[in-house]
Amino acid sequence: MRVRAIPWPSMSPDLSPIENVWSLMVHELEEELRQPARQLNQDELWAAVLAKWEELRRRPGYFRSLVASMRQRLEQCSEAAGGHTFY
């Protein structure tokens, strides 16, 4: 069986579930920090990011869904010949 190579960057964000995690973290942190709106210093921001990461770790279903999506991610990337996908 021959495997046909598809030209796309080896670090494609479409195939990297961690990009979804970062996006969710940013979205949720922005929402939380908007109420009430305030400016964080570097240490406060780092603490907020670490707290959000720990919160996400307690959502095992979210990470399972990302892993389960890999087959579909690969299929979409293949269909798009390495171009942009839904992910």
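Residues numbered from 1 in each chain as written. Predicted model: local features only at pLDDT ≥ 70, side-chain atom pairs only at ≥ 80, totals over all residues. Heavy atoms only, no water.

Named according to an unreviewed UniProt entry, the chain is Transposable element Tc1 transposase originating from Amphibalanus amphitrite.

Take the pattern of salt bridges next. Tallied over the entire structure, the rule returns 8 salt bridges. Here Lys 52 ties to Glu 28 by a salt bridge, and the two come within 3.0 Å at their closest N and O atoms. Of this pair, Lys 52 sits in helix α2 (residues 42-57) while Glu 28 sits in helix α1 (residues 17-34), and the two are 24 residues apart along the sequence. Here the two residues Lys 52 and Glu 28 agree in accessibility, since each one is buried. Taking the shortest distance from any N to any O, the salt bridge between Arg 34 and Glu 31 comes out at 3.1 Å. Taken together, the positions of Arg 34 and Glu 31, both in helix α1 and 3 residues apart, correspond to about one turn of that helix. (Salt bridge = Lys/Arg side-chain N within 4 Å of Asp/Glu carboxyl O. Helix = DSSP H or I, 4+ residues; strand = E, 2+ residues; numbered from the N terminus. Buried < 20%, exposed > 50% of the residue type's maximum accessible area, 1.4 Å probe, protein only.)

Bringing the nonpolar core into the picture now. What tends to happen in soluble globular proteins is that the nonpolar side chains get buried as a cluster. Listed in full, the 6 residues of the largest apolar core are Val 21, Leu 24, Met 25, Leu 56, Tyr 62 and Leu 66. Going through the elements one at a time, α1 and α3 (60-68) are the ones with two or more residues in this core. What Leu 66 contacts, discounting residues up to four positions off in sequence, is Pro 17, Asn 20, Val 21 and Arg 73. (Core = buried A, V, L, I, M, F, W, Y, C linked by side-chain atoms within 4.5 Å. Contact = heavy atoms within 4.5 Å.)

Let's shift gears to helix α4 (residues 70-79). For α4, every residue scored as buried is listed here: Arg 73, Gln 76 and Cys 77. Buried residues of α4, viewed axially, fall in a sector of 100°; they line one side. The outward face of α4, more than 90 degrees from its buried face, is lined by the exposed residues Arg 71 and Glu 79. On its buried side, α4 packs onto α1 and α3. Positive phi shows up at Ala 81, right after α4, with a value of about 50°. (Arc of directions from axis to C-beta.)

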